[in-house]
Amino acid sequence: MIQRSLRGLVAATVLVAAVSTAAEAQSSSAQRIGISAGVALPMGDFGDAAGLGLHAGAHLLAPLGTTLKLRFNVDFGRYNGEDGTGIDNVTLLGGVANVILPINTTSALKPYILGGIGYYNVKADLTGGGSVDDSNLAFNFGAGYDFKMGNSNLFTEIRFLSIQTEGSSTNTLPIVIGLRF
């Protein structure tokens, strides 16, 4: 009788563990969308031609196995040209596919690292009229933090984005805050 009760208790425990694990996996496997906005620091030769920029984006986040996540970003950046460069402003428009690796912690702030490749258009409006644009492959890598807020996540992130434009790469450092739901 004790053995039968013990077996029943073990079976019930295994069943509860399996159901809760499946429920947790299902809730973490949902696709999420997000929006973000912030500033962007132009770097290198691009930093010599452009000033501080504004950066905005949207993304779709999907699970990629049990730990990794795949995120598709669409980004827009706008920078004013520096005096004497002949550039009024520069806009970046493109997208990137990122792989995200969450870092397991017990903290309410959930850190992650990311990296990916994409394709961007860089357009410079010239002083006195006209414009120059170039579309090329790009790569980025960075880190961020998620903070759970009900069914949504508040996040902050910094990335190094390098667009492989002809001559010199267009490098920038977007620093954003966003909401994922």
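As a reminder, the structure under discussion sits directly above these lines.
Criteria and thresholds
Residues numbered from 1 in each chain as written. Predicted model: local features only at pLDDT ≥ 70, side-chain atom pairs only at ≥ 80, totals over all residues. Heavy atoms only, no water. Pairing = 2+ DSSP bridges. Helix = DSSP H or I, 4+ residues; strand = E, 2+ residues; numbered from the N terminus. Axes fitted to C-alpha atoms, helices over the stretch in contact; angles between N-to-C directions. 1 Å grid on protein atoms, 1.4 Å probe; cavity = no way out; pocket = protein on both sides within 12 Å on 5 of 7 lines; lining within 4 Å. Points joined across faces, edges and corners; volume = space filled by probe spheres on them. Nonpolar A, V, L, I, M, F, W, Y, C, P; charged D, E, K, R; others polar. Buried < 20%, exposed > 50% of the residue type's maximum accessible area, 1.4 Å probe, protein only. Contact = heavy atoms within 4.5 Å. Salt bridge = Lys/Arg side-chain N within 4 Å of Asp/Glu carboxyl O. Phe/Tyr/Trp six-rings, centres within 6.5 Å; stacked < 30°, edge-to-face > 60°.

Student: Describe the sheet that holds strand S7 (residues 152-163), and please don't skip the residues or the numbers.
Tutor: The strands making up a sheet are joined through hydrogen bonds of the backbone, oriented either antiparallel or parallel. Strand order around the closed barrel formed by eight strands is S1-S2-S3-S4-S5-S6-S7-S8, with antiparallel pairing between neighbours. Adjacent strand axes in the sheet meet at a mean angle of 25 degrees when their direction is disregarded. Strand direction decides the pairing type here: S7 and strand S8 (residues 170-180), joined by nine bridges, are antiparallel. For Leu154, the partnering residue across the bridge sits in S8 and is Leu179.

Student: Provide a residue-level description of empty space enclosed by the protein, including the pertinent values.
Tutor: Per the stated rule, a full pass over the model turns up one cavity of 30 Å³ or more. Volume-wise, the largest cavity comes out at about 60 Å³. Along its surface, the largest cavity is lined by Ser36, His55, Gly57, Ala58, His59, Arg71, Asn73, Asp75, Phe155, Glu157, Arg159 and Val176. Where the lining of the largest cavity is concerned, the elements lending two or more residues are strand S2 (50-64), strand S3 (68-81) and S7. It is S2 that provides the largest number of residues to the lining of the largest cavity, a total of four residues. Per-class residue counts for the lining of the largest cavity are three nonpolar, five polar and four charged.

Student: How would you explain the environment of Leu70 if you had to name every residue and give the values?
Tutor: Within the element layout of this structure, Leu70 appears in strand S3. Judged by relative accessible area, Leu70 falls into the partly exposed class, the value being 22%. Here the alpha-carbon distance between Leu70 and Gly116, two residues 46 residues apart in the chain, equals 9.4 Å. Setting aside chain neighbours within four positions, we find Leu70 in contact with Leu60, Leu61, Ala62, Leu64, Asn98 and Val99.

Student: Give me the lowdown on the layout of surface pockets, citing residues and values where you can.
Tutor: If you add up the space inside the second largest pocket, you get close to 320 Å³. Phe46, Val122, Ala124, Thr165 and Thr170 are the residues nearest the centre of the second largest pocket, which is lined by 16 residues in total. Counting residues per element, the ones that place at least two in the lining of the second largest pocket are helix H2 (44-49), strand S4 (87-102), strand S5 (109-126) and strand S6 (131-149). Grouping the constituent residues of the lining of the second largest pocket by class yields eight nonpolar, four polar and four charged.

Student: I'd love a proper account of the pattern of salt bridges, names of residues and values included.
Tutor: Across all of its chains, the model carries four salt bridges by this definition. For Arg159, the salt bridge is made with Glu157, and the minimal N-O distance between the two is 3.6 Å. Considered together, Arg159 and Glu157 belong to a single accessibility category, that of buried residues.

Student: Tell me what's going on with the packing of aromatic side chains, and back it up with residues and numbers.
Tutor: One pass over the full model with this rule turns up three aromatic pairs. Look at Phe139 and Phe160: their rings are 6.3 Å apart centre to centre, the planes differ by 50 degrees, and that puts the pair in the tilted class. On the criterion of sequence distance, the pair formed by Phe139 in strand S6 and Phe160 in strand S7 is long-range, its members being 21 residues apart. Judged by relative accessible area, Phe139 falls into the partly exposed class, the value being 32%. Measuring from centroid to centroid gives 5.5 Å for Phe141 and Phe160, while their planes differ by 40 degrees, and the two rings are tilted. Linking Phe141 in strand S6 with Phe160 in strand S7, this pair joins segments that are 19 residues apart in sequence.

So, to be careful, I would describe these as geometric facts and stop short of saying anything about function.
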